[in-house]
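Listed here are the chains, written in short residue letters.
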Amino acid sequence: ITMRSVQTPTFIRLGDRRQPAGSLSQVMISDVIATSESGMCNIIAGIPGAPVEGVRIHHMLMIAHAAGEEPPHLEDVPENTQGYPENRMFGNILPAGGFFIRHARDVQLQDITVRAASGETRPFLAAEDVSMLSVTRSGYMAGEGAYARMFQLRDAADVVITPPLFPAASEKLLALEGKASDIRVYLDKRVPVRDLISAAPGTALKDMVRIVAPGKP
């Protein structure tokens, strides 16, 4: 699939317009090249208590021509549970340059590269209220800039991250907010958790995050 001059290459949304909400599950998208012209990004979003489930997105290249200026914090993105499902329902700028994921379970992102626009500062992925999230060899293209963080998680559990072989430069690989548990990061060598992860002062990162190197369980 080739897309040109789009705002949001993938938009997967479960809303609550009819009350109660239905379900949205078992979605697979692969082999996509997309050129984006907006400060929005790919969106996977359910509502509180009714997550989107079973999403697989593999082998995707997104070329972004617009950076996200003054992006909102994760907690400031409106829920808009009964709004018409369109990409602008959460605002014209989202907290991530690659993927915004909220209220989702069992999501796999694999072999996804984003070529960021000049001036981009947002993380590749921002996710809130997620579980069973797997991100494999996915991120910004190397050499496209430097970022404060590559992945941002808020209220996340059972997350597996395997960075790209040649990741873009970032001060921290991962930023954690809210509740987090069972976060695993797979690297080619052992690195102290504090060198990779940022979190609120006093957070016991060793109880939430494991750095897994080859040969280590």
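Sequence order as written defines residue numbering, which begins from 1 separately in each chain. Per-residue local features of the predicted model are confined to residues with pLDDT of at least 70, and side-chain atom pairs are confined, for both listing and counting, to 80 or more; whole-chain, interface and lining totals are unaffected and use all residues. With hydrogens and water set aside, each side-chain value is computed from the structure's full complement of heavy atoms.

1. Side note on the overall build of the chain
Here comes step 1: Helix and strand counts for the chain stand at 1 helix and 12 strands.
Here comes step 2: By the criteria applied, helices consist of DSSP H or I runs no shorter than four residues and strands consist of E runs no shorter than two, each listed in order from the N terminus. Mapped from its N terminus to its C terminus, the chain presents α and β elements in the order β-β-β-β-β-β-β-β-β-β-α-β-β.
Here comes step 3: Taken over C-alpha atoms, the radius of gyration is set against a globule rule of 2.2 Å times the number of residues to the power 0.38. A globule of 217 residues ought to have a C-alpha radius of gyration of about 17 Å, and the chain, at 16 Å, matches this closely.
Here comes step 4: Dimensions of the chain, computed from C-alpha atoms along their principal axes, come out at roughly 45 × 35 × 30 Å.
Here comes step 5: Relative to its 217 residues, the chain shows a buried fraction of 49%.
Here comes step 6: Here a residue-residue contact requires only that any non-hydrogen atoms of the pair lie within 4.5 Å. In the chain, of all internal contacts separated by at least 6 residues, the share reaching a separation of at least 24 is 76%.
Here comes step 7: In short, Shrake-Rupley with a 1.4 Å probe defines the accessible areas, and a residue's cover is counted only from the protein chains shown. For the chain, the exposed surface amounts to about 10300 Å²; the carbon and sulfur share of it is 49%. Accessible area is worked out with a 1.4 Å probe on protein chains only. A residue is then buried under 20% of its type maximum, exposed over 50%, and partly exposed in between.

2. Focus: the pairing of strand β4 (residues 42-45)
Here comes step 1: Burial along β4 is two-sided: N42 and I44 and I43 and A45, pointing in opposite directions, are all buried.
Here comes step 2: Any two strands with at least two DSSP-identified bridges between them are counted as paired. Relative to strand β6 (residues 99-115), β4 runs parallel, the two being bridged by 4 bridges. Residue pairing in the sheet places I43 in a bridge with F100 of β6.

3. Here we look at the nonpolar core
Here comes step 1: Buried Ala, Val, Leu, Ile, Met, Phe, Trp, Tyr and Cys residues that are joined via side-chain atoms within 4.5 Å together make up what is termed a nonpolar core. Ranked by size, the top nonpolar core spans 52 residues in total, and within it I101 and L125 carry the most contacts.
Here comes step 2: Among the nonpolar cores identified, the runner-up in size contains 12 residues, and M40, C41, L74 and L94 belong to it.

4. Section: the side chain of T35
Here comes step 1: Here T35 lies in strand β3 (residues 25-36).
Here comes step 2: Once residues within four sequence positions are removed from consideration, T35 is found in contact with M3, R4, S5, V6, I63 and H65.

5. A closer look at the pattern of salt bridges
Here comes step 1: Any Lys or Arg side-chain nitrogen located within 4 Å of an Asp or Glu carboxyl oxygen qualifies as a salt bridge. Here the structure, examined in full by the defined rule, presents 11 salt bridges.
Here comes step 2: One salt bridge in this structure joins E75 and R154, with 3.8 Å as the shortest N-O distance. Remark: R154 occurs in strand β9 (residues 146-162) and E75 occurs in the loop between β5 (52-64) and β6; sequence separation between them is 79 residues.
Here comes step 3: Taking the relative accessible area as the measure of exposure, R154 reaches 22% and is therefore partly exposed.
Here comes step 4: Salt bridges here are not isolated pairs; linked through shared partners, they connect E75, E128, R154 and E177.

6. Notes on the packing of aromatic side chains
Aromatic ring pairs are reported here in terms of the distance separating the ring centres and the angle at which the planes meet.
Here comes step 1: Whether two aromatic rings pair depends on their centres lying within 6.5 Å, for rings of Phe, Tyr and Trp, where Trp uses its six-membered ring; planes under 30 degrees apart make the pair stacked, over 60 edge-to-face, and the rest tilted. With the rule as written, the count across this model stands at 5 aromatic pairs.
Here comes step 2: Here the aromatic rings of Y140 and Y147 are separated by 4.4 Å at their centres, their planes lie at 20°, and the arrangement is stacked.
Here comes step 3: The class for Y147 is buried, based on a relative accessible area of 2%.

7. What to know about the pairing of strand β10 (residues 169-186)
Here comes step 1: Judged from the 12 bridges that link them, β9 and β10 form a sheet pairing that is parallel. Bridge pairing in β10 places F151 opposite L174.
Here comes step 2: Pairing analysis gives 2 bridges linking β10 to strand β11 (residues 197-198), with the strands arranged parallel. Counterpart to A175 in the pairing with β11 is S198.

8. A closer look at the environment of I101
Here comes step 1: Mapped onto the elements, I101 comes out in strand β6.
Here comes step 2: Sequence separation between I101 and L153 is 52 residues; the distance between their C-alpha atoms is 9.5 Å.
Here comes step 3: With residues near it in sequence (within four places) discarded, I101 still touches I44, V107, L109, L125, A126, A127, E128, V130 and L133.

9. Focus on the side chain of E128
Here comes step 1: When you line up the elements, E128 lands in strand β7 (residues 125-136).
Here comes step 2: Looking at E128, the relative accessible area reads 12%, which means it is buried.
Here comes step 3: Here R154 takes part through its side chain, which lies 3.4 Å from a polar atom of the side chain of E128.
Here comes step 4: Once residues within four sequence positions are removed from consideration, E128 is found in contact with L74, I101, R102, H103, R154 and D155. Nitrogen and oxygen atoms within 3.5 Å of one another constitute a polar contact, given that in protein one can donate a hydrogen and the other can accept it, and given that sequence-neighbouring residues count only through two side-chain atoms.

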